[in-house]
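An overview of the molecular structure
So the chains spell out like this:
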Amino acid sequence: MKKLLLITIALVFFAFNTFSKDNRNSHYVTNQPPLKAQPYTALPLGAIKAKGMLLKMLELQRDGLTGHLDSVYSIVCGDNNGWLGGTGDGWERGPYWIDGLVPLAYILDDAELKAKAQKWIDWSIKNQREDGYFGPNPLPEDYVRIPGTQQGQREDWWPKMVMLKVLQQYYTATNDERVIKLLLNYFKYQQQMLPKFPLDHWTFWGSQRGGDNLAVVYWLFNITREKFLLELAETIKKQTFDWTTIYSGNAIRQLNPLPQLHCVNVAQGLKEPIIYYQQRPEQKYLDAVKAGLSALKDCHGFVNGMYGGDERLHGNDPTQGSELCSAVEMMFSFESILPITGDVFYAGYLEKVAYNVLPTQSTDDYMRKQYFQQANQVLINDTERNFFNDKNARIAYGTTSGYPCCLANMHQGWPKFVQNLWYATSDNGIAALVYGSSEVKVKVAGGVEVTVVEKTDYPFKENIHFTIQADKRTKFPFHLRIPQWCKNPTIALNGQKVEVQTKNNIAVIDREWSAGDIVELNLPMDFQFSYWYENSLGIERGPLVYALKIEEDWREVTKEGYDDTFWEVFPKSPWNYAILRSEIDNNNLKIETTENIAANPWNLKNAPITVKTKASRLPIWQMERNSAGRIPSSASPARETEKHEEVIELIPYGCTTLRISQFPVYSVRRQ
Ligand SMILES: [Zn+2]
């Protein structure tokens, strides 16, 4: 009785209008006037710890490529790199690696990894030129390039943008004031040089990826309030590729569109209009990104959230490739957009890429990766496919196979995802906008530090359990995202179900919290069916996409012309199934979930969920050019099916290596 009374009295449910005023968080680096107040604010590195499956992913990275790229890929990430003063690679790949290594090192609080990253950070800081330039020194004119490395022009603005992100993250973890000094000097240098040497002076990447530069300029403004930074921001914006117009217009809706839209730039550019929106808060910038994402989905989209982009945008046939860099850059774009807008659409989309696409594009030991993955992927080997500018082995699991950008850039995926599970709020509370097992320390209210422990088997299970730890009773708002796919969420406080008003899919519990308080969020997951290329069927449930389980035969290959061995994967069971229409119409799928979830659930053996449904093989659907042939249209494949029906098993997309995730559908004709 006492407990009930307490809940009734203490719960005050905020309407969003209080929240959306010009409040700004008091404890962390957040937008300062004249920049638009942001509803959510990123926490410093180290505040959020991964637990459960997410911790396992980080540990695999530590023991795999992220922890060892300096030896595995020493020609580029070893001591001769230009970013360490050497004469080797002087472009994006070294900084790419460190951009993932820094968050990994500080989230795991791992001394060895921190030391590896520190070398690169210290070199940049100690070797900044008098005029503010930092990074690799220009090479002598008679220099002969080392094969396998990329020099570009060492003055190129683009790779600096990656190192800016590294320094920003490192500062949040350490408060090393040398970073602020370096950035101020560098941005003064940029302000002086950009009129003569614009962002695209050396490569077009600098102009297409200017949003990443812009984000760090605003962040430094929020710390220093140096007015020249806002002028520099306008210059950078003017010199950056006009993503707002591109996403709002028809270019994305074309195949191989011109101006050339590279798949990774399209993902990375998504953040740019909304980064700039902080300085010029006009609706058109928000609208452009949504319009761009709709166009991508309509014309190039797959059920897994990615799009056909094997170099250029290449349509929505689910055997077109999607690049690993596109996946991690799209995630980072959403992670940048989410705290500025508070729009849960981006949180859901972020989970979709992280919990479906990301786990399957590297091997279980995190020692090999795929350059491209396919939504319908039935054979992985070193043969030719219908990719733009095809080089073979682009879908094999290798190191430098395909093209080595992803080998260096993949590391930011999981660590930054963990870093964006939690935010501080503009009303000095805590927000859980993306879900996964974790623990967070946040300053709330007037500066009291509280810890929240999040225990869950999400994305596989529906329950999320939060425990509050605090030294004293403290009043603060706790924001929880209600996923857009969830129709009947429930929230319980200390075992009692409570009604919480939600606005824009965010529930806010504003009350005085005590140590040991428990919030339980239940997010029932229903099947959702969607239709894609040739009316192919996609099956989702909650944050997960489901795909046909195909037995795998993994073969390690050594081949002349490749730096390293790579893995090919051959199917040991059939894949050319169509799903029976009535199974979908009657929502007749049978689901089985295992009680215990394995530490690494992302493989065939450990798949925690199996969905059974009826299907029949389509003999006309065969291989073409080493991929699953064009999907028979779902409009009329019935007469083509084999007579007998089978029960097939679907598992979470992220657990598959070979898969069909977009299916033909057939109906049984009544005679
Ligand atoms: Zn790449």
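Residues numbered from 1 in each chain as written. Predicted model: local features only at pLDDT ≥ 70, side-chain atom pairs only at ≥ 80, totals over all residues. Heavy atoms only, no water.

**Digging into the environment of Ala47**
Note the threshold: Helix and strand definitions follow DSSP, with helices as H or I runs of at least four residues and strands as E runs of at least two, each counted in order from the N terminus. Classification of residues uses two cut-offs on accessible area relative to the type maximum, computed with a 1.4 Å probe and protein chains only: under 20% is buried, over 50% is exposed, and between them is partly exposed.
On the secondary structure map, Ala47 appears in the loop between strand E1 (40–41) and strand E2 (48–50). For Ala47, a relative accessible area of 13% puts it in the buried group. The spacing of Ala47 and Trp422 is 375 residues in sequence and 9.2 Å in space, taken between C-alpha atoms.

**Digging into helix H7 (residues 111–126)**
The line we're drawing: In a helix, the anticipated span is given by 1.5 Å times the number of residues less one. The bend reported for a residue corresponds to the angle between axes fitted to the seven residues ending at that residue and the seven starting there. Contacts: residue pairs with any heavy atoms within 4.5 Å of one another. We call two N or O atoms a polar contact when they sit within 3.5 Å, provided that within protein one can donate a hydrogen and the other can accept it, with sequence-adjacent residues counted only if both atoms are side-chain atoms.
Taking 1.5 Å per residue, 16 residues should reach 22 Å; H7 reaches 21 Å between its end C-alpha atoms and fits that length. Along H7, the largest kink reaches about 25° and is centred on Gln118. Those residues of H7 that sit buried are Leu113, Lys116, Ala117, Gln118, Trp120, Ile121, Asp122, Trp123, Ser124 and Ile125. Structurally, H7 contributes buried residues whose contacts are with helix H3 (52–63), helix H4 (65–72), helix H5 (74–77), helix H6 (93–108), helix H8 (157–174) and helix H9 (177–193). Put simply, Asp110 is the residue that caps the front of H7, since its side-chain oxygen is 3.0 Å from the backbone nitrogen of Glu112.

**Thoughts on the pattern of salt bridges**
What counts, and what does not: The rule for a salt bridge is simple: a side-chain nitrogen of Lys or Arg has to be within 4 Å of a carboxyl oxygen of Asp or Glu.
One pass over the full model with this rule turns up 34 salt bridges. For Lys559, the salt bridge goes to Asp382, with nearest N and O atoms at 2.8 Å. Residue Lys559 is located in the loop between strand E21 (552–557) and strand E22 (566–571), and its partner Asp382 is located in the loop between strand E6 (372–373) and helix H19 (405–409); the two are separated by 177 residues in the primary sequence. A single network of salt bridges, built from pairs that share partners, joins Asp99, Lys165, Asp212, Lys271 and Lys416.

**Focus: the coordination of the zinc ion**
Our working definition: Because water is not among the atoms used, a metal site may look incomplete, as its donors are only the N, O and S atoms within 2.8 Å, or 3.2 Å for Na, K and Ca.
Here the zinc ion is held by Glu323 (OE), Cys325 (SG), Cys405 (SG) and Cys406 (SG), and the distances to it run 2.1 to 2.3 Å. Going along the chain, you hit the donors of the zinc ion in the pattern E-x1-C-x79-C-C. With Cys325 in helix H17 (residues 324–341) and Cys406 in helix H19, the pair connects residues that are 81 residues apart, well separated along the chain. A residue is classified by how much of its surface remains accessible, and Cys406, at 0% relative accessible area, is buried.

**Quick notes on unusual backbone geometry**
With an omega of 5°, the peptide bond between Pro33 and Pro34 qualifies as cis. Among the secondary structure elements, Pro34 is positioned in the loop between helix H2 (16–19) and E1. The omega torsion across Tyr458 and Pro459 is 10°, close enough to zero to call that bond cis. Here the phi dihedral of Asn428 falls at roughly 55°; this positive angle occurs in a residue that is not glycine. You can see Asn428 is positioned in the loop between strand E7 (422–425) and strand E8 (430–432). Look at Asn428 and you get buried, because its relative accessible area is 14%. Phi is positive for Arg625, which is not a glycine, with a value near 45°. Inspection of the secondary structure assignment puts Arg625 in the loop between strand E26 (623–624) and strand E27 (627–628).

**Topic: the sheet that holds E7**
Note the threshold: The criterion for strand pairing is that DSSP finds at least two bridges linking the strands in question.
As summarised here, the arrangement of the six strands in space is E1-E7-E8-E12-E16-E15, forming an open sheet in which the pairing is mixed. The open sheet has two free edges, formed respectively by E1 and strand E15 (502–503), since each of these has just one partner strand. Pairing of E7 with E8, which is carried by three bridges, proceeds in the antiparallel orientation. Bridge pairing links Ala424 to Ile430 in E8.

**Points about the packing of H6 against H7**
The following threshold applies: To get an axis, a line is fitted to the C-alpha atoms, and for a helix only the part in contact is used. The angle between two axes follows their N-to-C directions and goes from 0 to 180 degrees. Orientation categories follow fixed angle ranges, with anything under 35 degrees roughly parallel, anything over 145 roughly antiparallel, 65 to 115 roughly perpendicular, and all other angles oblique. The hand of a helix crossing depends on one turn: near helix anticlockwise from the far one by less than a right angle means left-handed, and clockwise means right-handed. Here the nonpolar group is Ala, Val, Leu, Ile, Met, Phe, Trp, Tyr, Cys and Pro; Asp, Glu, Lys and Arg are the charged ones; every other residue, Gly included, is treated as polar.
Remark: H6 packs on H7, axes separated minimally by 9 Å, with the N-to-C direction vectors making an angle of 140°. Here H6 is positioned oblique relative to H7, judged by the angle of their axes. The interaxial crossing formed by H6 with H7 has left-handed handedness. Listed contacts from H7 to Gly94, Trp97, Ile98, Leu101, Val102, Leu104, Ala105, Tyr106 and Leu108 of H6 are Leu113, Lys114, Lys116, Ala117, Gln118, Trp120 and Ile121. The residue makeup of the contact of H6 with H7, split by class, is twelve nonpolar, two polar and two charged.

**Some thoughts on the sheet that holds strand E13 (residues 490–493)**
With antiparallel pairing, the seven strands of this open sheet are ordered in space as E2-E9-E10-E11-E17-E13-E14. Only two strands of the sheet have a single neighbouring strand rather than two, namely E2 and strand E14 (496–498). Averaged over all pairs of adjacent strands, the angle between their axes in this sheet comes to 25°, without regard to strand direction. Note that strand E9 (residues 438–444) and strand E10 (residues 448–456) share seven bridges and pair antiparallel. Bridge pairing in E10 places Val442 opposite Val450.

**Here we look at the packing of H8 against H9**
A pair of packed helices can be characterised by two numbers: the angle between their axes and the separation between those axes. Two numbers describe how H8 lies on H9: the axes approach to 10 Å, and their chain directions differ by 155°. One element, H8, and the other, H9, form an angle in the roughly antiparallel class. Between H8 and H9 lies a crossing of left-handed hand. The segment H8 lies against H9, with Trp157, Lys160, Leu164, Leu167, Tyr170 and Tyr171 engaging Glu177, Arg178, Val179, Ile180, Leu182, Leu183, Tyr186, Phe187, Tyr189, Gln190 and Met193.

**Details of the packing of aromatic side chains**
Heads up, the condition is: Pairing of aromatic side chains here covers Phe, Tyr and the six-membered ring of Trp, requires ring centres within 6.5 Å, and sorts the geometry by plane angle: under 30 degrees stacked, over 60 edge-to-face, intermediate tilted.
A full pass over the atoms with the stated rule returns 43 aromatic pairs. Where Tyr397 meets Trp554, the ring centres are 5.3 Å apart and the plane angle is 40°; that geometry is what we call tilted. Taken as a pair, Tyr397 in the loop between E6 and H19 and Trp554 in strand E21 lie far apart in primary sequence, 157 residues in all. Relative accessible area serves as the criterion here: at 0%, Tyr397 is assigned to the buried category.

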